[in-house]
Amino acid sequence: MSKPKPKSGQKFSAKNIAAGFLMGLLALSLLGFGVEGFGGSARSIGSVGGRDISTNEYARALQNELRVLQSQTGQSITMEQARLFGLDQMVREQLVTTAALNNEAQRLGVSAGDETVQREILQVSAFQGLGGQFDREAYRFALQNAGLNESEFEDSIREDVSRSILQLAVISAARAPDMLVTPLLNHQAQTRDYSILSLGADDLETPVGMPDDAELQAFYDANIDDYTLPEGKRIRYAWLTPDMLIDTVEIDEAILRDAYEARAQEFRQPERRLVERLVFADMQQAEDAMARLTAGDISFVDLAAERGLSIEDTDMGDVTRAQLGTAADAVFALTEPGFAGPVETSLGPAVFQMNAILAARETPFEDAAPQLREELVADRARRILSDDLDLFEDLLAGGATVEELASETDMRVGELDWRTGETAGIAAYEAFRSAARNVEAGDFPEIQILDDGGLFTLELIEDLPPLARPLDDIRTQVTGDWRRAQIVENLQLQADGIVQALEDGADFATLDLTPDRFEGMRRSDVLPDLPRDLVGTAFDMETGDVRSVAGADRVFVIALHAVSDPDLMMDDVARLRDALSQQLAQSVAQDLFTYFSSALRQSQPIQFNQQVIDAVHANF
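Reading the values: the criteria
- Residues numbered from 1 in each chain as written.
- Predicted model: local features only at pLDDT ≥ 70, side-chain atom pairs only at ≥ 80, totals over all residues.
- Heavy atoms only, no water.
- Helix = DSSP H or I, 4+ residues; strand = E, 2+ residues; numbered from the N terminus.
- Buried < 20%, exposed > 50% of the residue type's maximum accessible area, 1.4 Å probe, protein only.
- Contact = heavy atoms within 4.5 Å.
- Lys, Arg positive; Asp, Glu negative; His and termini not counted.
- Charge placed at Lys NZ, Arg CZ, Asp CG, Glu CD.
- Phe/Tyr/Trp six-rings, centres within 6.5 Å; stacked < 30°, edge-to-face > 60°.
- Lys NZ or Arg CZ within 6 Å of the ring centre and 35° of its normal.
- Patch = residues over 30% accessible without salt bridge, like charges linked within 9 Å, V, L, I, M, F, W, Y side chains within 5 Å.
- Areas by Shrake-Rupley, 256 points an atom, 1.4 Å probe, with all protein chains shown as cover.
- Salt bridge = Lys/Arg side-chain N within 4 Å of Asp/Glu carboxyl O.
- Axes fitted to C-alpha atoms, helices over the stretch in contact; angles between N-to-C directions.
- Parallel < 35°, antiparallel > 145°, perpendicular 65-115°, else oblique.
- Nonpolar A, V, L, I, M, F, W, Y, C, P; charged D, E, K, R; others polar.
- Pairing = 2+ DSSP bridges.
- Polar contact = N/O pair within 3.5 Å; in protein donor to acceptor, adjacent residues only side chain to side chain.
- Left-handed = near helix turned anticlockwise from the far one by under 90°.
- pLDDT = per-residue confidence, 0-100.

Asker: Describe the overall build of the chain, naming the residues involved and giving the relevant values.
Answerer: Along the chain, the regular secondary structure elements total 24 helices and 19 strands. Reported as C-alpha extents along the three principal axes, the dimensions of the chain are approximately 90 × 85 × 85 Å. Burial statistics for the chain: of 620 residues in total, 39% are counted as buried. A fraction of 74% describes how many contacts in the chain between residues 6 or more apart in sequence connect residues 24 or more apart. Charged side chains in the chain number 53 positive and 106 negative. The centres of these two groups are separated by 8 Å.

Okay, here's the thing in C-alpha cells:
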C-alpha cells in the first residue's frame with residue numbers, strides 16, 4: 001500500500017499512522033475482490049531484494065487507485081483506460097517502495113511489538129460487535145472475506161508501523177532554513193508606500209480631435225490584425241427545433257382541462273398567512289412570552305434570540321389553514337399582522353407572529369389555458385423530435401446528404417460561414433458551436449441534439465482563411481480605437497514630463513498635482529478602481545523611483561516613497577511566517593523521504609513477472 005506523506009504539524013504514532021492502512025485494506029478487501037487461478041507459481045508479481053509482492057496485494061492496490069480515479073472523473077474507468085493513465089505503473093512503483101522500506105526496517109531490526117499490533121486491531125470498528133467491543137467472530141469473518149488469515153493481517157500491521165517508524169526517523173530532523181523562509185516572507189509581507197497619479201483624456205492640455213481619412217487608413221493598416229476575422233469554416237447544416245414544429249401541433253381542450261386539474265394546487269391557492277412560530281417547553285412559559293409580546297416589552301426577534309434562535313429558525317413561510325393544524329383558528333382569526341396563541345401544537349405550546357395575509361387566488365381555466373397550451377405544445381414537439389431521431393439517423397446511414405435529409409424531412413437546411421465568436425442563428429447553441437469547431441473534411445454527418453431538444457447535423461464545405469473586415473464596415477470602431485491610441489500617446493508624453501520633473505527634485509505639490517497616496521501596501525493588496533498590475537510595478541521599483549505606466553485609456557505615474565520589511569511583532573505576519581516555515585519543513589521532509597526511498601530502491605534488485613501482471617489485469 002502507498003504511504004501517505006506527513007502533513008505539517010501532524011503528530012505521529014503507531015496508531016494514527018497505521019489507521020489509514022487498516023481501514024483502507026479492510027474497505028477494499030471486503031469488496032470481495034480476489035486474484036485466483038494463477039496456480040502455486042503465480043502468487044507474486046515480482047520481488048524487491050528477495051521480498052515478494054503478492055498478486056492479491058497488487059490487485060487490492062490497483063482496485064483502490066482505480067476507485068479513486070473513478071471518483072475524480074465521475075465515470076466508470078476500464079483497466080485499459082487506467083493503464084493509459086499509467087495507473088498500473090504507479091501502483092507497482094508504490095509497492096516497490098513499500099517492499100524496499102520493509103526490507104530496510106527488517107535489516108535495522110525495527111519492528112512493532114505484539115501489544116502495538118493488538119491495540120490497533122482492538123480499535124478497528126469493523127472488528128467490533130454491537131456493544132463496541134472487539135468481537136472475535138467479526139474479526140475472523142472480516143479477514144475471511146478479505147482473503148486473509150490472522151497471521152497475514154497482523155504481519156501487515158507490524159510492517160506498516162515499522163515503515164512509519166523508519167519514515168519518522170528519516171524526516172524528524174527536517175527544518176525550514178531561514179535562508180528560504182526570510183525571502184518568501186519578505187516577498188509576501190513586505191510593505192510599500194507610494195503615490196499614483198491617474199491621467200485621463202480630461203487631463204490633456206490639447207484635446208484629441210477626429211482623424212482624417214488618411215490617418216484612419218494608416219491606423220487601420222498598421223493594426224490590421226485587430227480587424228481580421230480568424231480562420232473559419234463554411235458549413236452546411238440541417239436543423240429542426242421544437243419552436244419550428246409548434247404551428248403543426250394541436251392540443252385538444254380535453255387534454256388542456258386534464259392538465260389544469262392535475263395542477264389544481266398551482267391554479268387554486270387558498271388563503272395563506274406569513275407566519276413565524278416559537279415553541280416552548282410548557283404552557284406557562286408560552287403564556288409568559290405571549291404576555292411580554294402583547295405588552296410590547298419585547299419583540300418576536302428578541303424573544304427568539306433569548307432562546308438562541310434566529311428569525312430563520314422560527315420562519316414557517318406562507319402557510320394554509322391545513323398546514324397550521326390546531327393553530328389555524330387562532331392565526332387566521334387575525335385580520336392584520338400581530339401575535340396569536342399560545343396554542344397547544346404537536347411540537348408543544350407555541351406562540352405565533354403573523355406578518356402578512358395572502359389572499360386566496362384562483363386562476364380560471366380560460367386564463368390558464370394559454371400557458372398550458374404553450375407548455376404542452378412544446379413538450380409534444382420535443383417528443384415528436386425524439387421519435388423522429390431514428391428516422392433521421394437511418395436516412396444519414398443510408399447515404400443521404402445534409403441537403404437530401406432536409407428535402408425528405410421537416411428539417412431546414414442552411415449554410416453558415418462560421419468563425420470563433422459567431423453566435424447568430426443556429427450558432428447560438430453551444431452544441432452547434434462545438435460541432436463546428438471539431439468538424440473536418442470527410443466527416444460523416446451525424447444527428448446531434450441541441451439544448452432545447454432540437455436536432456441538427458452538419459458537414460464541412462470548405463475551410464475559410466482569415467478575413468480582414470473592410471474599413472468602411474467598421475469605421476466607427478476604428479475611429480474610436482484611433483482616438484484612444486492618440487489619447488494614450490499624448491498622455492504618455494505628458495506623463496514623461498511629470499516623471500522627469502519629479503526625478504529633477506520637484507514634488508507633486510509644486511507641480512499642482514494631487515495623486516492618490518497608498519501606505520503599508522502589500523503585494524497581494526488590490527488598489528480600488530486601478531489596474532491590478534500597478535501593484536506589481538510598485539514592487540519592482542526602488543525607493544525614490546518614479547515610473548509611468550500606460551493603460552487601455554489612461555496613463556499612470558507611480559512614485560515609490562518607502563519600503564518596509566515585515567514586522568514580526570504583528571500577529572498576521574507571525575502567522576504567515578509560521579505557515580511558510582511549516583510548508584517548507586513539510587516540503588523538505590517529503591524530499592528527504594523521497595531521496596531515502598529512492599536510494600533504497602536502487603540498492604536492491606527488482607524483478608517483475610509480466611505474465612502474472614497481465615493475468616491480474618485480466619481480472620478487472
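Once you've had a look at it, read on.
Asker: Report on the packing of aromatic side chains, specifying residues and quantitative values.
Answerer: In this structure the tally under the stated criterion is ten aromatic pairs. Look at Phe-127 and Tyr-139: their rings are 4.7 Å apart centre to centre, the planes differ by 75 degrees, and that puts the pair in the edge-to-face class. Of this pair, Phe-127 sits in the loop between α5 (114-122) and α6 (136-145) while Tyr-139 sits in helix α6, placing them twelve residues apart in sequence. The same class applies to Phe-127 and to Tyr-139, which are both buried. Judged by centre distance (6.3 Å) and plane angle (80 degrees), the ring pair of Tyr-237 and Trp-239 falls under edge-to-face. Clustering of aromatic rings is evident, with ring pairs tying together Tyr-237, Trp-239, Tyr-429, Phe-432 and Phe-456. A cation sits over an aromatic face here: Arg-257 above Phe-365, 3.9 Å from the ring centre.

Asker: An account of a negative patch on the surface is requested, with residue identities and associated values reported.
Answerer: Together, Glu-231, Asp-387, Asp-390, Glu-393, Asp-394, Glu-440, Asp-443, Glu-446 and Asp-463 make up a negatively charged patch on the protein surface. Mapping Asp-387 onto the fold places it in helix α18 (residues 365-397). Residue Asp-387 is classed as exposed on the basis of its relative accessible area of 62%.

Asker: Kindly report on the packing of α6 against helix α7 (residues 150-171), identifying the contributing residues and their values.
Answerer: Where α6 meets α7, the axes come as close as 10 Å, and the angle between the chain directions of the two elements is 90 degrees. Looking at the two axes, α6 sits roughly perpendicular to α7. The segment α6 lies against α7, with Arg-136, Tyr-139, Arg-140 and Leu-143 engaging Glu-150, Phe-153 and Glu-154. Of the residues contributing to the contact of α6 with α7, the split by class is three nonpolar, no polar and four charged.

Asker: Can you tell me about the pairing of strand β3 (residues 191-199), naming the residues and giving the values?
Answerer: Strand residues, when the strand is regular, have side chains that alternate between the two faces of the sheet. Within β3, eight of the nine residues are buried, leaving the element largely enclosed by the surrounding structure. Relative to strand β18 (residues 555-564), β3 runs antiparallel, the two sharing nine bridges. Pairing of Ser-195 across the sheet is with Ala-559, part of β18. Looking at chain direction, β3 and strand β16 (residues 516-521) are connected through four bridges and run antiparallel. Along β16, the bridge assignment pairs Ile-196 with Asp-516.

Asker: Account for the environment of Gln-353, naming residues and giving values.
Answerer: Structurally, Gln-353 can be placed in strand β10 (residues 348-358). You can call Gln-353 buried: its relative accessible area is 15%. For the pair Gln-353 and Asp-315, spaced 38 residues apart in sequence, the C-alpha separation works out to 9.4 Å. Excluding anything up to four places from it in sequence, Gln-353 contacts Leu-274, Val-275, Glu-276, Phe-300, Gly-338 and Phe-339. One polar contact links Gln-353 to Asn-355, side chain to side chain, over a distance of 3.1 Å.

Asker: A description of the sheet that holds strand β2 (residues 51-54) should follow, citing residues and the corresponding values.
Answerer: The strand order across the open sheet built from three strands is β2-β1-β19, with neighbouring strands paired in antiparallel fashion. Pairing within the sheet leaves two strands with one partner each, and these edge strands are β2 and β19 (606-608). Going across the sheet, the axis of each strand differs from the next one's by a mean of 20 degrees, ignoring polarity. Where strand β1 (residues 44-48) and β19 come together, three bridges link them in antiparallel fashion. Residue Val-48 lies in a different strand from β19, and its bridge partner there is Ile-606. Strands in contact with helix α4 (residues 87-108) are β1, β2 and β19; relative to β2, the strand with the most contacts, it is inclined by about 145 degrees.

Asker: How would you summarise the pairing of strand β5 (residues 232-240) if you had to cite specific residues and measurements?
Answerer: For β5, the buried fraction is high: eight of the nine residues fall into the buried class. Where β5 meets strand β12 (residues 412-419), eight bridges bridge the pair, whose relative direction is antiparallel. Directly across from Ala-238, in β12, lies its bridge partner Val-413.

Asker: Explain the packing of helix α8 (residues 178-189) against helix α23 (residues 571-602) to me, and be specific about the residues and the numbers.
Answerer: Contact geometry for α8 and α23: axes closest at 10 Å, N-to-C directions at 135 degrees. It follows that α8 is oblique to α23 by the angle criterion. The two elements α8 and α23 meet at a crossing, and its hand is right-handed. In this structure, α8 uses Asp-178, Leu-180, Val-181, Thr-182, Leu-184, Leu-185, Gln-188 and Ala-189 to contact α23, whose residues at the interface are Val-573, Leu-576, Arg-577, Leu-580, Ser-581 and Leu-584. Counted by class, the contact of α8 with α23 contains nine nonpolar, three polar and two charged residues.

Asker: Lay out the sheet that holds strand β17 (residues 546-550) in plain terms, naming residues and giving numbers.
Answerer: A sheet is described by the order of its strands in space; here four strands give the open sequence β16-β3-β18-β17, paired in antiparallel fashion. Only two strands of the sheet have a single partner each, and these edge strands are β16 and β17. Averaged over all adjacent pairs, the angle separating strand axes in this sheet is 25 degrees, with direction ignored. Lying over the sheet, helix α21 (residues 475-503) contacts β3, β17 and β18, oriented at roughly 175 degrees with respect to β17.

Asker: Give a description of the confidence of the model for the chain that names residues and reports values.
Answerer: Per-residue confidence for the chain averages 85 on the pLDDT scale, and 93% of its residues sit at or above 70. Looking across the chain, the model is least confident in helix α1 (residues 14-29), with a mean pLDDT of 43, and most confident in helix α9 (residues 213-222), with 96. Throughout residues 1-40 the model reports pLDDT below 50, and contacts reaching past four residues in sequence, or to other chains, amount to 79 contacts.

Asker: I'd like a description of unusual backbone geometry, backed by residues and values.
Answerer: Across the junction of Gly-341 and Pro-342, the peptide omega takes the value 0 degrees, indicating a cis bond. Non-glycine residue Asp-512 carries a positive phi angle of around 60 degrees. Structurally, Asp-512 is set in the loop between α21 and β16. A relative accessible area of 70% places Asp-512 in the exposed class. Unusually for a residue other than glycine, Asp-529 sits at a positive phi of about 60 degrees. In this fold, Asp-529 is placed in the loop between β16 and α22 (533-538).

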